[in-house]
Amino acid sequence: TTTEKSFLGVTIPANTDAATSIDIALDTLFNHQNIAPFISRQLIQRFVTSNPSPRYVTNVASAFETGWYQLPDGSTIGSQARADLSAVIAAILL
């Protein structure tokens, strides 16, 4: 559309093409503070338990946000890029 769009504190300027609008919207969602706990809880519920503890969700969300997870032997998994799924899955399962 030719009108300005706003959500979650971000404004997409008027006359922005569709592809750019979608990129801005997805970047906004991806970087929102609630996405890590939301995605973490959903993944825990699918892989491990339907009612995870708040601490479990927080630990997995931390792996999501930092992109790495420390294994019990002290080694780490992940690329240190936000939402690195190897780190997130390790946090969920270990």
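Residues numbered from 1 in each chain as written. Predicted model: local features only at pLDDT ≥ 70, side-chain atom pairs only at ≥ 80, totals over all residues. Heavy atoms only, no water.

In this section: the nonpolar core. If you look at the biggest cluster of nonpolar residues, it comprises 16 residues, and the most contacted ones within it are I44, V60, Y69 and I92. Elements that contribute at least two residues to this core include exactly α2 (35-47), α3 (54-66) and α4 (85-93). For this core, the element with the highest residue contribution is α3, accounting for 6 residues. Filtering out sequence-adjacent residues up to four positions away, V60 remains in contact with S40, I44, V88, A91 and I92. (Core = buried A, V, L, I, M, F, W, Y, C linked by side-chain atoms within 4.5 Å. Buried < 20%, exposed > 50% of the residue type's maximum accessible area, 1.4 Å probe, protein only. Helix = DSSP H or I, 4+ residues; strand = E, 2+ residues; numbered from the N terminus. Contact = heavy atoms within 4.5 Å.)

A cluster of nonpolar side chains, L8, I22, L26 and L29, forms an exposed patch at the surface whose accessible area comes to about 380 Å². Within the secondary structure layout, I22 lies in helix α1 (residues 18-30). (Patch = residues over 30% accessible without salt bridge, like charges linked within 9 Å, V, L, I, M, F, W, Y side chains within 5 Å. Areas by Shrake-Rupley, 256 points an atom, 1.4 Å probe, with all protein chains shown as cover. Salt bridge = Lys/Arg side-chain N within 4 Å of Asp/Glu carboxyl O.)

Structurally, D84 is set in the loop between β4 (76-77) and α4. An unpaired buried charge is present at D84: no salt bridge exists, and R82, the closest side chain of opposite charge, is 12 Å distant. Side-chain polar atoms of D84 contact the side chain of S86, separated by 2.4 Å. Those residues in contact with D84 that sit more than four places away from it in its chain are G67, G78 and S79. (Lys, Arg positive; Asp, Glu negative; His and termini not counted. Polar contact = N/O pair within 3.5 Å; in protein donor to acceptor, adjacent residues only side chain to side chain.)

Don't take any of this as a statement about function, it's just geometry.
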